[in-house]
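An overview of the molecular structure
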Amino acid sequence: MRKWTLPAALLLLVLLSLLPDQGRKLHVHADESTDSGELVDPPKVEEKISGVSHGLSTDSDVAKREAESISRKSLRSNAEKFEFQAEVSRLMDIIINSLYSNKDIFLRELISNAADALDKIRFLALTDKEVLGEGDNAKLEIQIKLDKEKKILSIRDRGIGMTKEDLIKNLGTIAKSGTSAFVEKVQAGGDLNLIGQFGVGFYSVYLVADYVEVISKHNDDKQYVWESKADGAFAISEDTWNEPLGRGTEIKLHLRDEASEYLEEEKLKELVKKYSEFINFPIYLWASKEVESEVPADDDESNEEEASESSSEEEEEEVEDSDKKPKTKKVKETTYDWEVLNDVKAIWLRNPKEVTDEEYKKFYQSLAKDFGDEKPMAWSHFTAEGDVEFKAVLFVPPQAQPDLYESYYNTNKANLKLYVRRVFISDEFDELLPKYLSFLKGLVDSDTLPLNVSREMLQQHSSLKTIKKKLIRKALDMIRRIADEDPDEFYTGDNIAELSDEVLLKRGSYAKFWNEFGKSIKLGIIEDATNRNRLAKLLRFESTKSNGKLASLDQYISRMKPEQKDIFYITGSSKEQLEKSPFLERLTKKDYEVIFFTDPVDEYLMQYLMDYEDKKFQNVSKEGLKIGKESKTKELKESFKELTNWWKDVLSNENVDSVKISNRLDNTPCVVVTSKYGWSANMERIMQAQTLSDANKQGYMRGKRVLEINHRHPIIKELRERVANDPQDESLKQTARLVYQTALMESGFLPNDPKDFASRIYDTVKSSMDISPDATVEEEADVEEEEAAPKDAEAKEDEETESSSLKDEL
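Summarised in this report is the structure supplied together with it. (Residues numbered from 1 in each chain as written. Predicted model: local features only at pLDDT ≥ 70, side-chain atom pairs only at ≥ 80, totals over all residues. Heavy atoms only, no water.)

1. Some thoughts on the sheet that holds strand 21 (residues 670–674)
Across a sheet, paired strands are connected by hydrogen bonds in the backbone, their directions being either parallel or antiparallel. Across the sheet, 3 strands lie side by side as 20-22-21; this open sheet has mixed pairing. For this open sheet the edge positions go to strand 20 (656–661) and strand 21, each flanked by a neighbour on one side alone. Sheet twist, expressed as the mean angle between neighbouring strand axes with direction ignored, is 25 degrees. Looking at chain direction, strand 21 and strand 22 (residues 705–709) are connected through 5 bridges and run antiparallel. Among the inter-strand pairings, Val-673 is bridged to a residue of strand 22, identified as Val-706. (Pairing = 2+ DSSP bridges. Helix = DSSP H or I, 4+ residues; strand = E, 2+ residues; numbered from the N terminus. Axes fitted to C-alpha atoms, helices over the stretch in contact; angles between N-to-C directions.)

Below, the structure is given as C-alpha cells:
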C-alpha cells in the first residue's frame, strides 16, 4: 500500500490548487439552487449600456445574466413576507379561478399602468428636469420583451417607479375603493373586461401567469423586487441581482403552459394594435426579422463555379475578373431590434374629417378603459380659437358608471384628461366641467395654460373659465344632437318605414341616453342657472298623452289647448300610481295633458324650473289650480258655506287650513291639497325617509292642508243636508273625520294617527253589519288550560313508564 502514498500525495496537491476557483463556482451554483435567489457575485452594469438604441444590450453576457436572475417560481427566503388584504385575495381568487375567455386584457392593463407612470414622471419633469436623468432614462417609452425558452413575458417602462412603500401599498395590503366595487360587480355577473375602470387592472396578470415579479426603482429609493404566486402572500426584497433599471418598473410574467400564445410576436402586435394604439407613448417590441446579407462562399462552391464558367470560351474573361474578387453568397439571417408598435398621431391633433368612426371608438376605449362592444353614444371633436386656444374630444359613454350618483356631492369624479402643449397634466382636474357633466369622458389640450405651475394656481387661471364655458356649450350641443338625430324625437308620422335605414339606426338613441344619464340633466337644471333653459330642452318625461314614450317640453307645448296657460304636472312614486290619482280626474276628462314626475330628484327639480317658454308650471296636487275659463259662482260657494265652515271646525286638530269647493274632481268625493309653496305629499314622504332628517325642523315646510270637496258627489250632498238638520250629531262628526282621513291617504299623505283611522274603519264595518257599537271581544276561556294540564301529566307519566320498561329490557 505504501507505493501509492507518493502519487496520492501529488494528486491531492493538484486538486487543492484547483479547489479555490472551482469551489467558488460550485458555491455560486449551490446558491442558485436554493430558494434565496441571491448571487454571491451579482452581475455588473454594462459599461456601454447606452450605446444600444432604444434599450439594453442583448449580447450573450446580458442573456446569461438575465437567465441567472430567474428564480424557481418560489418566493425568495430572505425576502420580507406579507399577506394580501382580504379584498385583494378575493379579487385574485376570482381572477385565477375564472373561466374568462378574453385573457388578452392583461396586456392592455399593464400598458395602461405603464403609461400612467410615464405621465407622472413627465409631469414632475415640468418643474424639475433632473428627475428624468440622462441617456436611456430620459426616454419615455414602454418596452415588451419575450423569452420563449423560459416562458417569460417582460413589460418595462421608464416611468416614476415605485418605492418599497408604494409596492406594499399598491400591490397588496391596502385595497383601494375600486377593489371592493369591482369584486361586487363581478360577483353580480359583471364582466372582467371592466377591470381597468376600477383601478385594479394589475391583478389581471394572473389570468395568464402563475408567478409574477415586479422590479421597480424610484428616484427616492433603492431598487426592489415584488413577487407573488397569488397564493395569499407576496414578498419584497432589495434587488441586487437584476439589471439596474435606473428608474421605472419592469414586470416579468412567468406564463402558464396554456398561455403560450402570448410568447408569439404577432399575437402581441395584434393586441397592442387593438387595445393600446392610442397610448401617448411609444411602445416597442424586441422583435425578430430576417435580412439578407452577403457572406464569403465556401471553396467547393467556388471550384464548381469556375468549372462551369470555363466550359465556355466567351466567359473566360469573366472568370479572370471574378478571380480577382472574393467569392460571396446571399444568406438570410435572423436579427433582433426594437420595433415601434403604435405610430398613430395623437387623434386630437388630427383633422376631425380625417378620423374614422372606428378610430374614435378605439380612442374612447383606450381613454376610458372601456373595452365593451358598444361604441360611444356620441362624440365631439373640435378646436377653439381666439383668446384661449385648445383642442378637445368629448365622448358620451354607452352606459353610466355603476357608482355615478353615489355620494354625488362628496366625491370628485372628473373624467377629462388635461394636457398643456401635449404634456399630460392631470386626470383629476374637476374644474373643466361642472359636476353634472362628470359622466362625459374626454381630453383637453390647451396651448394657453401655463405648464410649470401648481394645480392650485392653475385653478385660478383666467383662461380656465373660458375653456369651461366653451366645453359646456359643446357638451350640451353634442347631447342635443343625439336627440335631433333620433327619429322617435322628430318624426310624428304613422309610416316610420318611409325613413332611410341610416336614420332608423339611430332610433331610440336618446331614450337610451335619458335612461342612463337623465338624472344628470335634472341635476344640471338645479345647479346651472346660466344653462337652465338649454338643459330644460333636453328634459324628457312620460305624460297622460305620451303613450308610454318619452316626451319633451316642446312637444308638450305643441299639444297644449289654446286657452291653457300653465304646464300641468304631478309627482309621485310611480306612473301606475299617478294614473289613478284623483287629482287628474277633471283634467283628463277635459283632455288636458299632465306630466308624470316619478324620480325623487324631480321634487327638487321643480323648485328651480319655475317656467319654460313663458309657460309656468303648475302642480295639480297643490291649491291654485286653474282649468280653462271655469269659475265658481258665488251662489255655489254660499250654498255650501255652512258645510265647509262646520267641517273646518270638526277638523280643527288636523292641521287643515280650509275646506273649499274643488274644480279638479269628477268621481271622488274629496281630496287634500297643500298650499302653493309648501311640500307636496310626495315631498313629505321623501323627506321623512331621510336618515338624518329632523321632523321638528320640517314642520314649517309642510304647509297648511286644504280639503277640497266635490259638490256634485252624493256623499257630500248627504253631509250638507245632515249638517243643516243637526250639526251637533256626534256620529256625523265621526263620519266627517273618517272621510277626511280617507281622502288624506288617497291624496298620498300618511295619517297622523293610524290607530285612530283603523278604529273608525272598524266602527263603520260594525255599523254596516248591524253590530252593536257596544259589542266587545269575547274573553278567552281558562278551561282549556286546566284541561291541558292533566293531559300533560298523563303524557309525562306514560313517558316515564316507557323509559323504565326500556331499561328493564336492556
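2. Quick notes on the side chain of Lys-267
Within the fold, Lys-267 resides in helix 7 (residues 265–275). Owing to a relative accessible area of 16%, Lys-267 belongs among the buried residues under this scheme. Residues within four places of Lys-267 in sequence aside, it is in contact with Asp-104, Glu-261 and Tyr-262. (Buried < 20%, exposed > 50% of the residue type's maximum accessible area, 1.4 Å probe, protein only. Contact = heavy atoms within 4.5 Å.)

3. Quick word on the sheet that holds strand 16 (residues 566–571)
Taken in spatial order, the 5 strands of this open sheet run 15-17-16-19-18, and their pairing is mixed. Edge positions in the sheet fall to strand 15 (542–543) and strand 18 (611–612), since each of these pairs with one other strand and no more. Across 4 bridges, strand 16 lies against strand 17 (residues 594–597) in parallel orientation. Residue pairing across strands places Thr-571 opposite Phe-597, the latter belonging to strand 17.

4. Comments concerning unusual backbone geometry
Although it is not a glycine, Asp-591 adopts a positive phi angle of roughly 65 degrees. Looking at the secondary structure, you find Asp-591 in the loop between helix 19 (585–589) and strand 17. The phi dihedral of Asp-614 is positive, around 65 degrees, even though this residue is not glycine. Checked against the element boundaries, Asp-614 lands in the loop between strand 18 and strand 19 (615–619). You can call Asp-614 exposed: its relative accessible area is 79%.

5. As for the pairing of strand 11 (residues 390–396)
Burial analysis of strand 11 places 6 of its 7 residues in the buried class, the great majority of the element. Note that strand 10 (residues 378–384) and strand 11 share 7 bridges and pair antiparallel. Note on strand 11: the bridge partner recorded for Thr-383 is Lys-391. Connecting the antiparallel pair strand 10 and strand 11 is a turn made up of 5 residues, with Gly-386 showing a positive phi of about 125 degrees. Inspection of the sheet shows strand 11 paired to strand 14 (residues 441–446) by 6 bridges, in the antiparallel sense. Paired with Leu-394 across the bridge in strand 14 is Gly-442.

6. Regarding the packing of helix 15 (residues 509–527) against helix 20 (residues 600–608)
Relative to each other, helix 15 and helix 20 sit at 35 degrees, their axes nearing to 8 Å. Crossing handedness for the pair helix 15 and helix 20: left-handed. Taken together, the residues of helix 20 that come into contact with helix 15 (itself represented by Lys-519, Lys-522, Leu-523, Ile-525 and Ile-526) are Val-601, Asp-602, Tyr-604, Leu-605 and Tyr-608. The residue makeup of the contact of helix 15 with helix 20, split by class, is 7 nonpolar, no polar and 3 charged. (Left-handed = near helix turned anticlockwise from the far one by under 90°. Nonpolar A, V, L, I, M, F, W, Y, C, P; charged D, E, K, R; others polar.)

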